[in-house]
Amino acid sequence: MKVAIVGYPNVGKSSLINRLTGTREAVVHERPGVTRDRKELDCEWNGRLFTLIDTGGVDFEDEDPLAGSIRDQARAGIADADVAVLVVDARAGVRPGDEEMADLLRRSPLPVIVAANKCDSVADLPLAADFHRLGLGEPLAVSATQGLGSGDLLDRIVELLGEGENEPEEGTVRLAVIGRPNVGKSSLVNRFLGEERVIVSEVAGTTRDAIDMPLLVGDRKLILVDTAGMRRQSKVADSVEYYTALRSQRAAERADVALVVCDANDGVTAQDLRIAELAMKAGCATAIVLNKWDMQEHPDSDTGGRLDLDHERGRVAEKLRLRPRVLTVSAKTGRHVARLLSEAIALGDRMAGRIPTPELNRFLSETVQARQPPVGSRRGGSGHRLKLIYMAQIGERPPRFAIQVNSRTRVTRDYAYFLENRLRARYAMDGIPLIIDFVERGQRGQRGRARAA
(Lines give C-alpha, C1' and ligand atoms only; values in the text may rest on other atoms or scores of the structure.)
Protein backbone atom coordinates (compact mmCIF):
# COMPACT_ATOMS: atom_id res chain seq x y z
CA MET A 1 0.00 0.00 0.00
CA LYS A 2 1.37 3.39 -1.00
CA VAL A 3 0.75 6.97 0.10
CA ALA A 4 1.76 9.88 -2.17
CA ILE A 5 2.96 13.03 -0.39
CA VAL A 6 2.39 15.96 -2.77
CA GLY A 7 2.28 19.72 -2.68
CA TYR A 8 3.71 23.07 -3.75
CA PRO A 9 7.51 23.60 -3.44
CA ASN A 10 8.97 24.25 0.00
CA VAL A 11 5.90 23.39 2.09
CA GLY A 12 7.85 20.77 4.07
CA LYS A 13 6.94 17.50 2.35
CA SER A 14 10.34 15.86 2.84
CA SER A 15 10.56 17.10 6.45
CA LEU A 16 7.14 15.59 7.13
CA ILE A 17 8.18 12.27 5.58
CA ASN A 18 11.28 12.17 7.74
CA ARG A 19 9.07 12.80 10.79
CA LEU A 20 6.57 10.07 9.84
CA THR A 21 9.23 7.46 9.00
CA GLY A 22 11.54 8.38 11.88
CA THR A 23 14.47 8.67 9.45
CA ARG A 24 16.49 11.35 7.70
CA GLU A 25 16.35 9.68 4.30
CA ALA A 26 14.62 12.52 2.43
CA VAL A 27 16.81 15.51 1.59
CA VAL A 28 15.64 18.63 3.47
CA HIS A 29 16.85 22.15 2.72
CA GLU A 30 15.46 25.67 2.99
CA ARG A 31 15.95 26.08 -0.76
CA PRO A 32 12.76 25.19 -2.69
CA GLY A 33 12.86 22.44 -5.29
CA VAL A 34 15.48 20.21 -3.66
CA THR A 35 13.35 17.05 -4.12
CA ARG A 36 12.99 16.21 -7.81
CA ASP A 37 12.40 12.49 -8.37
CA ARG A 38 9.83 10.49 -6.46
CA LYS A 39 11.32 8.47 -3.63
CA GLU A 40 9.68 5.59 -1.77
CA LEU A 41 10.26 5.06 1.96
CA ASP A 42 8.85 2.37 4.23
CA CYS A 43 6.72 3.49 7.17
CA GLU A 44 5.19 1.58 10.08
CA TRP A 45 2.40 2.71 12.40
CA ASN A 46 0.78 0.55 15.09
CA GLY A 47 2.03 -2.62 13.40
CA ARG A 48 0.82 -1.53 9.94
CA LEU A 49 3.37 -1.34 7.10
CA PHE A 50 2.99 0.96 4.09
CA THR A 51 5.12 3.04 1.73
CA LEU A 52 5.37 6.83 1.56
CA ILE A 53 6.13 8.36 -1.85
CA ASP A 54 8.05 11.63 -1.54
CA THR A 55 7.56 13.79 -4.65
CA GLY A 56 9.02 17.03 -5.91
CA GLY A 57 7.25 20.33 -5.32
CA VAL A 58 4.73 20.96 -8.10
CA ASP A 59 4.44 24.46 -9.58
CA PHE A 60 2.12 24.48 -12.58
CA GLU A 61 3.26 27.97 -13.60
CA ASP A 62 6.97 27.14 -13.79
CA GLU A 63 7.93 26.77 -17.48
CA ASP A 64 11.37 25.27 -16.80
CA PRO A 65 11.70 21.81 -18.49
CA LEU A 66 12.93 20.33 -15.22
CA ALA A 67 9.80 21.60 -13.45
CA GLY A 68 7.75 19.82 -16.12
CA SER A 69 9.58 16.57 -15.38
CA ILE A 70 8.93 17.04 -11.65
CA ARG A 71 5.20 17.50 -12.36
CA ASP A 72 5.21 14.29 -14.41
CA GLN A 73 6.89 12.40 -11.58
CA ALA A 74 4.35 13.75 -9.06
CA ARG A 75 1.47 12.66 -11.31
CA ALA A 76 3.05 9.21 -11.65
CA GLY A 77 3.34 9.02 -7.84
CA ILE A 78 -0.36 9.85 -7.49
CA ALA A 79 -1.26 7.24 -10.09
CA ASP A 80 0.76 4.63 -8.19
CA ALA A 81 -0.71 5.46 -4.75
CA ASP A 82 -3.70 4.29 -2.72
CA VAL A 83 -3.96 7.51 -0.65
CA ALA A 84 -2.69 11.05 -1.28
CA VAL A 85 -1.58 13.59 1.32
CA LEU A 86 -1.62 17.22 0.12
CA VAL A 87 0.87 19.15 2.24
CA VAL A 88 0.28 22.92 2.51
CA ASP A 89 2.00 25.74 4.38
CA ALA A 90 -0.42 26.79 7.14
CA ARG A 91 1.44 30.05 7.76
CA ALA A 92 1.32 31.10 4.10
CA GLY A 93 -2.40 30.35 3.75
CA VAL A 94 -4.06 29.06 0.58
CA ARG A 95 -1.95 29.89 -2.48
CA PRO A 96 -2.74 29.43 -6.18
CA GLY A 97 -0.41 26.43 -6.32
CA ASP A 98 -2.39 24.73 -3.54
CA GLU A 99 -5.64 25.26 -5.41
CA GLU A 100 -4.20 23.77 -8.61
CA MET A 101 -2.97 20.68 -6.75
CA ALA A 102 -6.33 20.36 -5.01
CA ASP A 103 -8.09 20.51 -8.39
CA LEU A 104 -5.84 17.73 -9.71
CA LEU A 105 -6.55 15.56 -6.65
CA ARG A 106 -10.31 16.14 -6.75
CA ARG A 107 -10.31 14.65 -10.24
CA SER A 108 -8.44 11.53 -9.07
CA PRO A 109 -10.19 8.56 -7.43
CA LEU A 110 -7.86 8.63 -4.42
CA PRO A 111 -8.92 9.51 -0.88
CA VAL A 112 -7.06 12.71 0.05
CA ILE A 113 -5.82 14.14 3.35
CA VAL A 114 -4.89 17.83 3.64
CA ALA A 115 -1.94 18.24 6.03
CA ALA A 116 -1.53 21.89 7.09
CA ASN A 117 2.17 21.89 7.96
CA LYS A 118 4.21 24.37 10.02
CA CYS A 119 1.66 24.56 12.85
CA ASP A 120 4.53 24.53 15.34
CA SER A 121 2.53 25.56 18.41
CA VAL A 122 -1.00 25.37 19.80
CA ALA A 123 -1.50 29.01 18.78
CA ASP A 124 -1.02 28.00 15.11
CA LEU A 125 -3.77 25.33 15.09
CA PRO A 126 -6.58 27.66 13.89
CA LEU A 127 -4.53 28.38 10.72
CA ALA A 128 -5.50 24.96 9.36
CA ALA A 129 -9.18 25.98 9.07
CA ASP A 130 -8.38 28.20 6.05
CA PHE A 131 -7.82 25.10 3.93
CA HIS A 132 -11.44 23.91 4.14
CA ARG A 133 -12.01 25.86 0.95
CA LEU A 134 -9.84 23.45 -1.04
CA GLY A 135 -12.82 21.08 -0.94
CA LEU A 136 -10.87 18.05 0.25
CA GLY A 137 -12.38 17.56 3.68
CA GLU A 138 -11.19 18.36 7.19
CA PRO A 139 -7.55 19.58 7.15
CA LEU A 140 -5.18 18.26 9.81
CA ALA A 141 -2.80 20.64 11.59
CA VAL A 142 0.70 19.13 11.73
CA SER A 143 4.25 20.20 12.43
CA ALA A 144 7.06 18.32 10.73
CA THR A 145 9.52 20.21 12.92
CA GLN A 146 7.88 19.63 16.32
CA GLY A 147 5.95 16.43 15.57
CA LEU A 148 2.60 18.03 16.47
CA GLY A 149 -0.29 16.11 14.89
CA SER A 150 1.91 13.47 13.25
CA GLY A 151 0.19 10.64 15.15
CA ASP A 152 -3.25 11.90 14.06
CA LEU A 153 -2.05 12.06 10.46
CA LEU A 154 -0.75 8.48 10.60
CA ASP A 155 -4.02 7.31 12.15
CA ARG A 156 -5.95 8.92 9.28
CA ILE A 157 -3.63 7.36 6.66
CA VAL A 158 -4.01 3.85 8.13
CA GLU A 159 -7.78 4.32 8.32
CA LEU A 160 -8.01 5.27 4.63
CA LEU A 161 -5.67 2.49 3.48
CA GLY A 162 -8.08 -0.13 4.82
CA GLU A 163 -7.08 -3.80 4.94
CA GLY A 164 -3.89 -5.28 3.51
CA GLU A 165 -0.26 -4.40 3.99
CA ASN A 166 3.10 -4.58 2.29
CA GLU A 167 4.90 -7.85 2.90
CA PRO A 168 8.64 -7.47 3.36
CA GLU A 169 10.54 -8.97 0.43
CA GLU A 170 12.79 -11.92 1.22
CA GLY A 171 15.85 -12.78 -0.84
CA THR A 172 15.73 -9.56 -2.83
CA VAL A 173 19.00 -8.27 -4.29
CA ARG A 174 19.56 -4.57 -3.57
CA LEU A 175 21.37 -3.01 -6.54
CA ALA A 176 22.86 0.48 -6.16
CA VAL A 177 23.72 2.46 -9.30
CA ILE A 178 26.47 4.90 -8.31
CA GLY A 179 29.01 7.09 -10.05
CA ARG A 180 30.08 10.61 -10.95
CA PRO A 181 27.48 13.20 -12.01
CA ASN A 182 26.13 13.03 -15.56
CA VAL A 183 27.53 9.64 -16.55
CA GLY A 184 24.04 8.28 -17.32
CA LYS A 185 23.01 6.57 -14.07
CA SER A 186 19.36 7.64 -14.28
CA SER A 187 19.18 6.79 -17.99
CA LEU A 188 20.48 3.31 -17.19
CA VAL A 189 17.95 2.86 -14.37
CA ASN A 190 15.12 3.92 -16.70
CA ARG A 191 16.37 1.42 -19.28
CA PHE A 192 16.38 -1.34 -16.62
CA LEU A 193 12.80 -0.47 -15.67
CA GLY A 194 11.53 0.08 -19.20
CA GLU A 195 10.00 3.46 -18.28
CA GLU A 196 10.93 7.06 -17.47
CA ARG A 197 10.94 6.38 -13.74
CA VAL A 198 13.57 8.99 -12.78
CA ILE A 199 14.27 12.40 -14.29
CA VAL A 200 17.02 12.55 -16.91
CA SER A 201 18.57 15.89 -17.80
CA GLU A 202 21.74 17.17 -19.42
CA VAL A 203 22.19 19.31 -16.31
CA ALA A 204 24.58 17.50 -13.97
CA GLY A 205 23.24 16.83 -10.47
CA THR A 206 19.56 16.44 -11.39
CA THR A 207 19.16 13.41 -9.08
CA ARG A 208 19.22 14.50 -5.44
CA ASP A 209 17.84 11.54 -3.46
CA ALA A 210 18.73 7.85 -3.48
CA ILE A 211 15.62 6.45 -5.20
CA ASP A 212 14.51 2.85 -4.43
CA MET A 213 12.55 1.07 -7.17
CA PRO A 214 11.42 -2.60 -7.36
CA LEU A 215 12.26 -4.60 -10.48
CA LEU A 216 11.39 -8.16 -11.51
CA VAL A 217 13.92 -9.88 -13.82
CA GLY A 218 12.41 -13.21 -14.78
CA ASP A 219 11.51 -14.66 -11.39
CA ARG A 220 14.19 -12.68 -9.51
CA LYS A 221 13.34 -9.64 -7.43
CA LEU A 222 15.65 -6.64 -7.31
CA ILE A 223 15.51 -3.25 -5.64
CA LEU A 224 17.19 -0.66 -7.87
CA VAL A 225 18.71 2.35 -6.13
CA ASP A 226 19.47 5.37 -8.34
CA THR A 227 21.79 7.78 -6.55
CA ALA A 228 23.06 11.32 -6.84
CA GLY A 229 26.40 11.85 -8.59
CA MET A 230 29.41 11.70 -6.28
CA ARG A 231 32.01 14.42 -6.81
CA ARG A 232 35.39 14.74 -5.20
CA GLN A 233 34.98 16.18 -1.70
CA SER A 234 36.86 19.37 -2.66
CA LYS A 235 34.33 20.06 -5.43
CA VAL A 236 31.16 19.70 -3.33
CA ALA A 237 29.64 23.15 -3.79
CA ASP A 238 26.99 23.49 -1.06
CA SER A 239 25.15 21.77 1.76
CA VAL A 240 22.51 20.23 -0.53
CA GLU A 241 25.20 18.51 -2.58
CA TYR A 242 26.98 17.39 0.60
CA TYR A 243 23.87 15.66 1.97
CA THR A 244 22.91 14.10 -1.37
CA ALA A 245 26.43 12.66 -1.67
CA LEU A 246 26.10 11.34 1.88
CA ARG A 247 22.84 9.60 0.94
CA SER A 248 24.54 8.05 -2.08
CA GLN A 249 27.19 6.65 0.23
CA ARG A 250 24.53 5.26 2.59
CA ALA A 251 22.74 3.70 -0.39
CA ALA A 252 25.94 1.80 -1.20
CA GLU A 253 26.20 0.67 2.42
CA ARG A 254 22.66 -0.78 2.25
CA ALA A 255 23.16 -2.50 -1.11
CA ASP A 256 24.28 -6.02 -1.95
CA VAL A 257 25.68 -5.05 -5.35
CA ALA A 258 26.98 -1.73 -6.67
CA LEU A 259 27.30 -0.82 -10.35
CA VAL A 260 29.87 1.96 -10.67
CA VAL A 261 28.78 3.74 -13.85
CA CYS A 262 31.49 5.52 -15.84
CA ASP A 263 31.40 7.55 -19.05
CA ALA A 264 33.04 5.43 -21.76
CA ASN A 265 34.23 8.62 -23.47
CA ASP A 266 36.35 9.41 -20.38
CA GLY A 267 37.40 5.86 -19.52
CA VAL A 268 37.74 4.81 -15.88
CA THR A 269 38.85 7.99 -14.11
CA ALA A 270 40.58 8.38 -10.76
CA GLN A 271 37.24 9.47 -9.23
CA ASP A 272 35.55 6.35 -10.63
CA LEU A 273 38.19 4.25 -8.88
CA ARG A 274 37.61 6.14 -5.61
CA ILE A 275 33.85 5.50 -5.85
CA ALA A 276 34.49 1.79 -6.49
CA GLU A 277 36.74 1.69 -3.42
CA LEU A 278 33.97 3.30 -1.37
CA ALA A 279 31.47 0.64 -2.51
CA MET A 280 33.88 -2.17 -1.73
CA LYS A 281 34.66 -0.82 1.73
CA ALA A 282 30.89 -0.67 2.33
CA GLY A 283 30.78 -4.44 1.69
CA CYS A 284 29.21 -4.33 -1.79
CA ALA A 285 29.92 -6.70 -4.61
CA THR A 286 31.02 -4.33 -7.35
CA ALA A 287 31.22 -4.10 -11.14
CA ILE A 288 32.56 -1.24 -13.28
CA VAL A 289 30.14 -0.23 -16.05
CA LEU A 290 31.30 1.80 -19.06
CA ASN A 291 28.09 3.52 -20.21
CA LYS A 292 27.60 5.36 -23.54
CA TRP A 293 29.39 2.50 -25.31
CA ASP A 294 27.37 3.26 -28.45
CA MET A 295 29.58 6.33 -28.92
CA GLN A 296 32.67 4.10 -28.73
CA GLU A 297 31.31 1.75 -31.36
CA HIS A 298 30.89 4.73 -33.69
CA PRO A 299 33.58 7.18 -32.54
CA ASP A 300 33.84 10.68 -33.89
CA SER A 301 36.14 13.65 -33.34
CA ASP A 302 34.17 14.84 -30.31
CA THR A 303 34.68 11.63 -28.33
CA GLY A 304 38.39 11.48 -29.01
CA GLY A 305 38.41 8.04 -30.68
CA ARG A 306 37.92 4.48 -29.50
CA LEU A 307 38.65 3.46 -25.91
CA ASP A 308 41.14 0.62 -25.36
CA LEU A 309 38.96 -1.73 -23.31
CA ASP A 310 41.78 -4.16 -22.52
CA HIS A 311 43.87 -1.28 -21.17
CA GLU A 312 40.99 -0.13 -18.91
CA ARG A 313 40.47 -3.66 -17.58
CA GLY A 314 44.17 -4.04 -16.86
CA ARG A 315 44.23 -0.68 -15.06
CA VAL A 316 41.24 -1.61 -12.89
CA ALA A 317 42.80 -4.98 -12.00
CA GLU A 318 46.03 -3.19 -11.04
CA LYS A 319 44.40 -0.42 -8.98
CA LEU A 320 41.55 -2.28 -7.23
CA ARG A 321 42.35 -5.26 -5.06
CA LEU A 322 38.91 -6.84 -5.52
CA ARG A 323 39.44 -6.86 -9.32
CA PRO A 324 35.86 -6.04 -10.34
CA ARG A 325 34.77 -6.88 -13.86
CA VAL A 326 34.64 -4.06 -16.40
CA LEU A 327 31.44 -4.27 -18.48
CA THR A 328 30.14 -2.17 -21.36
CA VAL A 329 26.58 -0.97 -21.86
CA SER A 330 24.54 1.64 -23.70
CA ALA A 331 21.58 3.07 -21.81
CA LYS A 332 20.61 4.91 -25.01
CA THR A 333 20.33 1.86 -27.29
CA GLY A 334 19.78 -0.83 -24.64
CA ARG A 335 22.74 -2.91 -25.79
CA HIS A 336 24.13 -5.29 -23.12
CA VAL A 337 21.54 -4.11 -20.55
CA ALA A 338 20.11 -7.62 -20.05
CA ARG A 339 23.64 -9.01 -19.64
CA LEU A 340 24.42 -6.35 -17.06
CA LEU A 341 21.35 -7.27 -14.98
CA SER A 342 22.28 -10.96 -15.18
CA GLU A 343 25.78 -10.15 -13.93
CA ALA A 344 24.34 -8.08 -11.05
CA ILE A 345 22.09 -10.98 -10.00
CA ALA A 346 25.03 -13.41 -10.20
CA LEU A 347 27.13 -11.11 -7.99
CA GLY A 348 24.30 -10.94 -5.46
CA ASP A 349 24.00 -14.73 -5.44
CA ARG A 350 27.74 -15.18 -4.90
CA MET A 351 27.62 -12.65 -2.04
CA ALA A 352 24.92 -14.71 -0.31
CA GLY A 353 26.13 -18.18 -1.32
CA ARG A 354 27.95 -20.77 0.76
CA ILE A 355 30.75 -23.11 -0.33
CA PRO A 356 30.65 -26.61 1.23
CA THR A 357 33.42 -27.30 3.74
CA PRO A 358 34.76 -30.43 1.93
CA GLU A 359 35.12 -28.37 -1.26
CA LEU A 360 37.00 -25.64 0.61
CA ASN A 361 39.41 -28.14 2.13
CA ARG A 362 40.12 -29.63 -1.31
CA PHE A 363 40.83 -26.09 -2.48
CA LEU A 364 43.14 -25.55 0.50
CA SER A 365 45.10 -28.72 -0.25
CA GLU A 366 45.51 -27.79 -3.93
CA THR A 367 46.61 -24.26 -2.99
CA VAL A 368 49.30 -25.59 -0.65
CA GLN A 369 50.56 -27.93 -3.38
CA ALA A 370 50.72 -25.04 -5.84
CA ARG A 371 52.74 -22.89 -3.45
CA GLN A 372 54.19 -24.00 -0.15
CA PRO A 373 53.38 -21.78 2.87
CA PRO A 374 56.22 -19.62 4.19
CA VAL A 375 58.70 -20.60 6.88
CA GLY A 376 58.48 -18.38 9.96
CA SER A 377 61.40 -16.27 11.08
CA ARG A 378 63.26 -17.08 14.29
CA ARG A 379 61.46 -14.24 16.08
CA GLY A 380 57.93 -15.16 14.96
CA GLY A 381 57.98 -18.78 13.95
CA SER A 382 61.22 -20.37 15.20
CA GLY A 383 62.05 -21.51 11.68
CA HIS A 384 59.00 -23.80 11.34
CA ARG A 385 56.74 -23.76 8.27
CA LEU A 386 53.19 -22.42 8.37
CA LYS A 387 50.60 -25.21 8.24
CA LEU A 388 47.08 -24.68 6.90
CA ILE A 389 45.01 -27.30 8.70
CA TYR A 390 41.31 -26.70 8.01
CA MET A 391 39.06 -24.24 6.15
CA ALA A 392 35.33 -23.42 6.46
CA GLN A 393 32.97 -20.63 5.51
CA ILE A 394 31.59 -18.89 8.60
CA GLY A 395 29.56 -16.04 7.09
CA GLU A 396 28.07 -14.44 4.01
CA ARG A 397 27.15 -10.96 2.71
CA PRO A 398 30.12 -10.64 2.38
CA PRO A 399 31.59 -14.18 2.36
CA ARG A 400 33.81 -14.88 5.36
CA PHE A 401 36.16 -17.82 5.79
CA ALA A 402 38.19 -19.21 8.68
CA ILE A 403 41.44 -21.10 8.13
CA GLN A 404 42.89 -22.98 11.09
CA VAL A 405 46.69 -22.67 11.23
CA ASN A 406 49.45 -23.89 13.52
CA SER A 407 50.69 -20.31 14.17
CA ARG A 408 49.21 -16.95 13.18
CA THR A 409 52.61 -15.28 13.43
CA ARG A 410 53.79 -17.24 10.38
CA VAL A 411 51.02 -15.91 8.11
CA THR A 412 52.63 -13.35 5.81
CA ARG A 413 50.69 -10.64 4.01
CA ASP A 414 51.99 -11.95 0.69
CA TYR A 415 50.71 -15.49 1.30
CA ALA A 416 47.36 -14.21 2.59
CA TYR A 417 46.92 -12.24 -0.66
CA PHE A 418 47.92 -15.33 -2.65
CA LEU A 419 45.21 -17.37 -0.92
CA GLU A 420 42.66 -14.62 -1.47
CA ASN A 421 43.44 -14.36 -5.19
CA ARG A 422 43.27 -18.13 -5.64
CA LEU A 423 39.91 -18.17 -3.87
CA ARG A 424 38.60 -15.42 -6.16
CA ALA A 425 39.79 -17.25 -9.25
CA ARG A 426 38.36 -20.64 -8.21
CA TYR A 427 34.89 -19.42 -7.19
CA ALA A 428 34.37 -16.46 -9.55
CA MET A 429 34.55 -13.88 -6.77
CA ASP A 430 36.01 -10.99 -8.76
CA GLY A 431 34.50 -7.80 -7.38
CA ILE A 432 33.23 -9.48 -4.21
CA PRO A 433 34.62 -8.39 -0.83
CA LEU A 434 35.65 -11.37 1.22
CA ILE A 435 37.26 -11.89 4.62
CA ILE A 436 39.74 -14.58 5.60
CA ASP A 437 40.39 -15.15 9.32
CA PHE A 438 43.49 -17.12 10.29
CA VAL A 439 42.68 -18.89 13.55
CA GLU A 440 45.48 -20.45 15.58
CA ARG A 441 44.71 -24.01 16.69
CA GLY A 442 43.81 -24.06 20.35
CA GLN A 443 43.31 -20.26 20.50
CA ARG A 444 39.89 -19.81 18.92
CA GLY A 445 39.38 -16.34 20.31
CA GLN A 446 42.55 -14.89 18.72
CA ARG A 447 42.25 -14.15 15.05
CA GLY A 448 44.39 -12.68 12.35
CA ARG A 449 42.56 -11.27 9.35
CA ALA A 450 43.14 -10.73 5.64
CA ARG A 451 40.31 -8.48 4.58
CA ALA A 452 39.42 -7.38 1.04
CA ALA A 453 39.36 -3.58 0.95
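The structure we're discussing is the one just above.
Residues numbered from 1 in each chain as written. Predicted model: local features only at pLDDT ≥ 70, side-chain atom pairs only at ≥ 80, totals over all residues. Heavy atoms only, no water.

Caption draft 1: Spatial organisation of the pattern of salt bridges. Inspection of the entire model under this criterion finds 22 salt bridges. Of the charged contacts in the structure, one is a salt bridge between D89 and K118, with a shortest N-O distance of 3.2 Å. Here the residue D89 occupies a position in strand β4 (residues 83–89), and K118 occupies one in the loop between β5 (112–117) and β6 (140–141), the gap between them amounting to 29 residues. When its relative accessible area of 25% is taken as the criterion, K118 is described as partly exposed. In this structure, D437 engages R400 in a salt bridge whose closest nitrogen and oxygen atoms are separated by 2.7 Å. Of this pair, D437 sits in strand β15 (residues 435–440) while R400 is found in strand β14 (residues 400–405), placing the two residues 37 residues apart along the sequence. (Salt bridge = Lys/Arg side-chain N within 4 Å of Asp/Glu carboxyl O. Helix = DSSP H or I, 4+ residues; strand = E, 2+ residues; numbered from the N terminus. Buried < 20%, exposed > 50% of the residue type's maximum accessible area, 1.4 Å probe, protein only.)

Caption draft 2: Region of interest: unusual backbone geometry. With omega at 0 degrees, the peptide bond leading from R397 into P398 counts as cis. One can find P398 in the loop between β13 (388–395) and β14. The phi dihedral of K118 falls on the positive side, at around 70 degrees, and the residue is not glycine. One non-glycine residue, N182, adopts positive backbone phi at about 65 degrees. By the element assignment, N182 lies in the loop between β7 (173–179) and α5 (185–193).

Caption draft 3: Main features of the pairing of strand β11 (residues 285–291). Of all the seven residues making up β11, seven are buried; the element is thus mostly covered by neighbouring parts of the structure. Side-chain alternation along β11 places A285, A287, V289 and N291 on one buried face and T286, I288 and L290 on a second face that is also buried. As paired strands, β11 and strand β12 (residues 326–328) are joined by three bridges and run parallel to one another. Paired with L290 across the two strands is T328, which belongs to β12. (Pairing = 2+ DSSP bridges.)

Caption draft 4: Focus on the environment of L49. Among the structural elements, L49 can be located in strand β3 (residues 48–54). On the basis of relative accessibility, which here comes to 32%, the residue L49 falls in the partly exposed class. For the pair L49 and K2, spaced 47 residues apart in sequence, the C-alpha to C-alpha distance is 9.6 Å.

Caption draft 5: Looking closely at the packing of α5 against helix α10 (residues 337–352). Packing of α5 against α10 leaves a shortest axis separation of 10 Å and a crossing angle of 90 degrees. The pairing of α5 with α10 is recorded here as roughly perpendicular in orientation. Two secondary-structure elements touch here, α5 through L188, R191 and F192 and α10 through V337, L340 and L341. Looking at the contact of α5 with α10 residue by residue, the classes come out as five nonpolar, no polar and one charged. (Axes fitted to C-alpha atoms, helices over the stretch in contact; angles between N-to-C directions. Parallel < 35°, antiparallel > 145°, perpendicular 65-115°, else oblique. Contact = heavy atoms within 4.5 Å. Nonpolar A, V, L, I, M, F, W, Y, C, P; charged D, E, K, R; others polar.)

Caption draft 6: Just the environment of P139, in detail. If you trace the backbone, P139 turns up in the loop between β5 and β6. Taking the C-alpha atoms as reference, P139 lies 6.2 Å from A128; in sequence the two are 11 residues apart. The contacts of P139, once residues within four sequence positions are left out, are V114, A128, F131 and H132.

Caption draft 7: Representation of the pairing of β5. Burial analysis of β5 places six of its six residues in the buried class, the great majority of the element. Residues V112, V114 and A116 line one face of β5 and the alternating positions I113, A115 and N117 line the opposite face, and both faces are buried. Of the pairings in the sheet, the one linking β4 to β5 comprises six bridges and is parallel in character. In the strand pairing of β5, D89 is matched with N117. One crossover worth recording links β4 to the parallel β5 by way of helix α3 (residues 96–106), and it is right-handed. Where β5 lies against β6, two bridges are found, and the strand directions are parallel. From the neighbouring strand, A115 faces β6, where its bridge partner is L140. (Right-handed = clockwise from strand over helix to strand, strands pointing away.)

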